[in-house]
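Reading the structure
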Amino acid sequence: MPELPEVQTIIDDLNKVILNKKIKKIDILLSKIVRGTNSSFIKILKNNSFQNISRRGKYIIISLANNRFLVIHLRMTGQIIYLQGNNLIAGGHSDKSNNFNLPNRQTHLILHFTDQSQLFYNDQRQFGFLEIINQKGLGRIENKLGIEPLSKGFTYSYFQDLLKDKKRNIKAFLLDQKYIAGLGNIYVDESLFLAHILPTRSLDSLNKKETKDLYLAIKQVLKLAIKYRGTTFNNYKDAHGRQGNFIKRLKVYGQENQKCMRCQKGVIKKIRVAGRGTRYCPECQK
Ligand SMILES: [Zn+2]
């Protein structure tokens with residue numbers, strides 16, 4: 001599932017190559033992947049261009065001309081693939097098959113630009129969506145989301161205030177986008193591991209040191225994941241030889257039944273917390 005680092009990686013890549021290109025044609029291959037009517041979606045995008053691409057939480061927000069925005073949410077298995085000649089840029093969900101024979105069965109939308117380049121939206125499970133919104137719609141997204149964990153405003157005292165008087169499970173809290181935006185299953189498990197905290201703990205059980213450690217862990221894990229281009233496309237290299245490398249640095253996620261690489265004593269366990277598969281070390285997380 002694409003989280004903050006994966007979304008940041010794809011928008012950074014696209015911002016370098018796709019801005020101001022004129023959209024010539026829009027193919028919607030799966031109607032429900034577009035929110036709102038397909039005809040108005042096509043009408044607004046045709047002859048339009050991307051002015052800027054930004055991220056809010058896990059949302060991709062593309063500014064168009066005329067004060068409209070194309071919003072894309074990748075949810076579980078969404079992928080964005082940009083193809084220009086032999087140059088391919090891919091981001092989002094990690095697909096083991098790496099089927100970049102495009103379009104394929106999972107392609108639900110294609111934007112064709114006047115310079116012959118194309119942008120594909122692929123989504124195996126079809127939970128993601130694309131939608132055109134205005135400034136008001138942007139405000140509605142903003143209202144649903146909490147702070148950006150890599151923003152200046154996310155200070156330790158802000159984090160302390162956020163936790164104050166809450167008894168909720170720590171993992172459920174960190175997954176909840178209305179408090180901190182952009183974290184998902186991978187980076188919550190990794191942050192809790194780094195902070196030596198069991199994912200089954202409740203917020204009111206954390207002492208001062210644990211709270212501080214968790215705060216620092218969240219920032220550290222996200223920064224490192226962005227540096228290594230997220231956990232996606234571990235087998236795939238783009239035209240510049242870049243690949244998502246963070247998968248090699250995961251300490252608990254996907255490591256169940258492996259010996260803990262930190263304490264060398266525990267075996268990583270997988271349980272269900274907050275409705276999600278959750279990995280932790282029973283030895284060195286307390
Ligand atoms: Zn351990």
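Above this text is the structure in question.
Now for a quick tour of the structure. (Residues numbered from 1 in each chain as written. Predicted model: local features only at pLDDT ≥ 70, side-chain atom pairs only at ≥ 80, totals over all residues. Heavy atoms only, no water.)

Right, let's talk about the coordination of the zinc ion for a bit. In this structure, Cys260 (SG), Cys263 (SG), Cys281 (SG) and Cys284 (SG) serve as the protein donors to the zinc ion, at separations of 2.2 to 2.4 Å. Because the angles between the 4 donor atoms bound to the zinc ion fall within 104 to 118°, the donor set is best described as tetrahedral. Considered as a linear motif, the donors of the zinc ion on their single chain read C-x2-C-x17-C-x2-C. Taken together, the positions of cysteine 263 in the loop between α7 (208-227) and β11 (269-273) and cysteine 284 in the segment after β12 (276-280) put the pair 21 residues apart, joining distant regions of the chain. (Donors = N, O, S within 2.8 Å, 3.2 Å for Na, K, Ca; no water. Tetrahedral: all angles 85-135°; square planar, octahedral: opposite > 155°, others 65-115°. Helix = DSSP H or I, 4+ residues; strand = E, 2+ residues; numbered from the N terminus.)

A separate point is a positive patch on the surface. A surface patch of positive charge is lined by Lys227, Lys248, Arg249 and Lys251. When you line up the elements, lysine 251 lands in the loop between α7 and β11. (Patch = residues over 30% accessible without salt bridge, like charges linked within 9 Å, V, L, I, M, F, W, Y side chains within 5 Å. Areas by Shrake-Rupley, 256 points an atom, 1.4 Å probe, with all protein chains shown as cover. Salt bridge = Lys/Arg side-chain N within 4 Å of Asp/Glu carboxyl O. Lys, Arg positive; Asp, Glu negative; His and termini not counted. Charge placed at Lys NZ, Arg CZ, Asp CG, Glu CD.)

To continue, consider the side chain of aspartate 13. Relative to the helices and strands, aspartate 13 resides in helix α1 (residues 4-17). Judged by relative accessible area, aspartate 13 falls into the buried class, the value being 3%. (Buried < 20%, exposed > 50% of the residue type's maximum accessible area, 1.4 Å probe, protein only.)

Let's shift gears to the packing of helix α6 (residues 185-194) against α7. Relative orientation of the contacting elements α6 and α7 amounts to 130°, with a least axis distance of 8 Å. The angle between α6 and α7 falls in the class oblique. Crossing geometry of α6 relative to α7 is assigned as right-handed. On the side of α6, the interface is formed by Tyr187, Glu190, Ser191, Leu192 and Leu194, while α7 contributes Leu214, Ala217, Ile218, Gln220, Val221, Leu222 and Ala225. (Axes fitted to C-alpha atoms, helices over the stretch in contact; angles between N-to-C directions. Parallel < 35°, antiparallel > 145°, perpendicular 65-115°, else oblique. Left-handed = near helix turned anticlockwise from the far one by under 90°. Contact = heavy atoms within 4.5 Å.)

A sheet is described by the order of its strands in space; here 5 strands give the open sequence β2-β10-β5-β4-β3, paired in mixed fashion. For this open sheet the edge positions go to β2 (34-35) and β3 (50-56), each flanked by a neighbour on one side alone. Across 5 bridges, the pairing between strand β5 (residues 69-73) and strand β10 (residues 129-133) is antiparallel. The residue of β10 that forms the bridge with valine 71 is glutamate 131. Packed onto the sheet, helix α2 (residues 38-45) meets β2, β4 (59-64), β5 and β10 and runs at close to 65° relative to β10. (Pairing = 2+ DSSP bridges.)

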